[in-house]
Amino acid sequence: MPASVKSSVACTSVVTNPQQRNLNTKTCQFPGCGKGARGASGHCIAHGGGRRCQKPGCQKGAEGRTIYCKAHGGGRRCEFLGCTKSAEGRTDHCIAHGGGRRCSNDGCSRAARGRSGLCIRHGGGKRCQQEKCTKSAEGHSGLCISHGGGRRCQFPECAKGAQGSTKFCKAHGGGKRCTFLGCTKGAEGSTPYCKGHGGGKRCLFEGGGVCPKSVHGGTQYCVAHGGGKRCAISDCTKSARGRTEYCVRHGGGKRCRFDGCVKSAQGSTDFCKAHGGGKRCSWGLPDSSFGIGDGSCCSSEG
């Protein structure tokens, strides 16, 4: 009898303790958040609870036993030689060097985002809330860069997204720049050059090595070989221009701003050729080398 009493008491203690722990666990007081609260703050790490990063002006949570967040050197660091980024998940490397979870799509080696198990290109992470947009959301806005999400360019009247750790878009000097001598354009992808100087991914027409042009959109081909967005008109094989769904012939791209004109704008201007757009003839102009000192031809025709 004493032995049976002891065994029953031991069994009840094992069953009741987890219930007591669950009842005593505090949840974050932020509306709609079900994560556990940290410390006496009543909030989770994402909403201000727990230890904070000691870097002046930073509001993120401190990582591990350090006093800084991941961005400022806290937590475990990547073990790849020369890398200063933080290690992801239970691995010893950052995302760029193979750490963290990888995309579950066949043949993809990119990092998985969120709980989807997929990378951004294959639909992982937060998506843009704009109707019919399949791009990933940037920052806390719920929108992609094209629709106003993420950090914006600080150049006056520019609405594009800022690139990298800079405050400007590529057109205004942000992001990585092309290292070709005398070039001021932005570098493409993981290369040190712009598209014009061989940077970024190149067209894989006939297996690659044949076409030297750069790829467009999320495809593996240049515009001439079917890359990028195509015109939405049936049986049209040309590429869509700008943020439209159509090619230039079917109304896509920039249009001429002259009243009543439906033609496309030429070059970096806002007008078609007939209304002054595009490059103009420089024959005989003071800053041009064409037609200078060749007045005999004109006089003979007169």
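Values in this document were obtained by computation on a predicted structure and should not be read as measured data.

A. Highlighting the overall build of the protein. The number of helices and strands found in the protein is two helices and zero strands. Within the protein, the fraction of its 302 residues that count as buried is 22%. Pairs at least 24 apart in sequence give 0% of the contacts found in the protein among residues at least 6 apart. Looking at the protein as shown, the accessible area adds up to about 21,700 Å², and 54% of this sits on carbon and sulfur atoms.

B. Layout of the side chain of serine 214. Along the polypeptide, serine 214 turns up in the loop between α1 (2-24) and α2 (295-301). Look at serine 214 and you get buried, because its relative accessible area is 11%. Those residues within four positions of serine 214 in sequence are excluded, and the remaining contacts are Lys195, Lys201, Arg202, Cys203, Tyr221 and Cys222.

C. Main features of the layout of surface pockets. Here the second largest pocket is characterised by a volume of approximately 650 Å³. Along the walls of the second largest pocket sit 13 residues, with Arg113, Lys126, Ala137, Glu138 and Gly139 positioned nearest its centre.

D. Structural context of the UniProt feature "domain: WRKY19-like zinc finger" (unreviewed entry) in the protein. Sites flagged by UniProt as "domain: WRKY19-like zinc finger" (unreviewed entry) map to residues 50-74, 75-99, 100-124, 125-149, 150-174, 228-252 and 253-277. Helix makes up 0% of residues 228-252 and strand 0%. Its end C-alpha atoms lie 14 Å apart.

E. Region of interest: unusual backbone geometry. Its identity is not glycine, yet glutamate 157 carries a phi of approximately 65°, on the positive side. Its identity is not glycine, yet glutamate 206 carries a phi of approximately 55°, on the positive side. For glutamate 206, the location among the structural elements is in the loop between α1 and α2. Here glutamate 206 falls in the exposed class, since its relative accessible area comes to 62%.

F. Just the confidence of the model for the protein, in detail. When pLDDT is averaged across the protein, the result is 81; 86% of the residues are at 70 or more. Contacts from residues 295-302, a stretch scored under 50 in pLDDT, to residues over four places away or in other chains number zero contacts.

G. Region of the structure containing a positive patch on the surface. Taken together, Lys135, Lys160, Lys229 and Arg243 make up a surface patch of like positive charges. Topologically, lysine 229 is positioned in the loop between α1 and α2.

H. Representation of the side chain of serine 239. As for its placement among the helices and strands, serine 239 is situated in the loop between α1 and α2. Accessibility expressed as a relative area gives 9% for serine 239, which makes it buried.

I. Fine view of a nonpolar patch on the surface. Taken together, Phe180, Leu181 and Tyr193 make up a surface patch of nonpolar side chains, about 350 Å² in accessible area. Along the chain, tyrosine 193 falls in the loop between α1 and α2.

Calculation criteria
- Residues numbered from 1 in each chain as written.
- Predicted model: local features only at pLDDT ≥ 70, side-chain atom pairs only at ≥ 80, totals over all residues.
- Heavy atoms only, no water.
- Helix = DSSP H or I, 4+ residues; strand = E, 2+ residues; numbered from the N terminus.
- Buried < 20%, exposed > 50% of the residue type's maximum accessible area, 1.4 Å probe, protein only.
- Contact = heavy atoms within 4.5 Å.
- Areas by Shrake-Rupley, 256 points an atom, 1.4 Å probe, with all protein chains shown as cover.
- 1 Å grid on protein atoms, 1.4 Å probe; cavity = no way out; pocket = protein on both sides within 12 Å on 5 of 7 lines; lining within 4 Å.
- Points joined across faces, edges and corners; volume = space filled by probe spheres on them.
- UniProt positions renumbered as here; feature names shortened; annotations may be inferred.
- pLDDT = per-residue confidence, 0-100.
- Patch = residues over 30% accessible without salt bridge, like charges linked within 9 Å, V, L, I, M, F, W, Y side chains within 5 Å.
- Salt bridge = Lys/Arg side-chain N within 4 Å of Asp/Glu carboxyl O.
- Lys, Arg positive; Asp, Glu negative; His and termini not counted.
- Charge placed at Lys NZ, Arg CZ, Asp CG, Glu CD.

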